[in-house]
Amino acid sequence: MNSLKDSPYYQEAFNELVYDFGTFYLFDTFIVGEVNPGMVLKWEEHGKRMVDDIFGLYDSDGADIVYISNRVNDYSMVPSDWIKFYKSNYKLKGYGMVNYSKSGHVMSLLEKLFISNKSRRFNNLSQAIRWAKSKAEPKYIAS
């Protein structure tokens, strides 16, 4: 099991946002993102639109939300774009990175330099979801 869609957690998601650069699954207190293979994520082209959309649905600045990057595909991003995220007054309660490859592990090490001590790496999605659920108090109810 790598993709969230192939996991028992998929049925718990209350929304699924599909972009040309990836798919994002929204849960009560956390988000799981899966970026498409070969993408180079940039704040201006991808991140800002995604964050505005998602945090708009939660009606939040993200301070009460955990984000899990489920790296089922190899992709890259501009790690310093995290600075733009924070300068746009967004926050995260926690940031989990699930790595399945050596390149994903290397990317998470680079990102960690910009994210702060709220981040954690995991070897599988189940571990990351358990961690996310333990960090947040339920606020949003799926209908």
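Please read these numbers as outputs of a predicted model, since none were measured by experiment.

### A closer look at the sheet that holds strand 3 (residues 30–35)
What the 6 strands build is an open sheet, ordered 1-2-3-5-7-8; its pairing is mixed. Across the chains shown, the open sheet's two edge strands, defined by having one partner strand only, are strand 1 (15–19) and strand 8 (119–122). Sheet twist, expressed as the mean angle between neighbouring strand axes with direction ignored, is 20°. Alignment of strand 7 (residues 94–99) against strand 8, held across 4 bridges, turns out to be parallel. Residue Gly-96 lies in a different strand from strand 8, and its bridge partner there is Arg-120. On top of the sheet, helix 1 (residues 43–58) reaches strand 1, strand 2 (22–26) and strand 3; it is set at about 165° to strand 1, its chief contact.

### Notes on helix 4 (residues 125–135)
For helix 4, the set of buried residues is Leu-125, Ser-126, Ala-128, Ile-129, Trp-131 and Ala-132. Among the structural elements, strand 3, strand 5 (66–71), strand 7 and strand 8 are those in contact with the buried residues of helix 4. Capping the start of helix 4, Asn-124 holds a side-chain oxygen 3.1 Å from the backbone nitrogen of Ser-126, two or three residues further along.

So, how was this worked out
Along each chain, residue indices are assigned from 1 in the same order as the chain's sequence is written. Two thresholds apply to this predicted model, a pLDDT of at least 70 for residue-level local features and 80 or more for giving and counting side-chain atom pairs, whereas whole-chain, interface and lining totals are computed over all residues. Side-chain metrics in this entry use all non-hydrogen atoms of the structure; hydrogen atoms and water are not considered. Pairing between two strands requires that DSSP report at least two bridges joining them. Each helix is a run of H or I in the DSSP string that is no shorter than four residues. Each strand is a run of E no shorter than two, and both are numbered from the N terminus. Every angle, taken between N-to-C directions, lies between 0 and 180 degrees, and every axis is a line fitted to C-alpha atoms, over only the stretch in contact when it is a helix. Between two residues, a contact is recorded if the distance between any of their heavy atoms is within 4.5 Å. In this scheme, a residue with accessible area under 20% of its type's maximum is buried, one over 50% is exposed, and one in between is partly exposed, where area comes from a 1.4 Å probe on protein chains only. Within 3.5 Å is the distance limit for a polar contact, defined as a pair of N or O atoms, with the added protein rule that one can donate a hydrogen and the other accept it, and that residues adjacent in sequence qualify only through two side-chain atoms.

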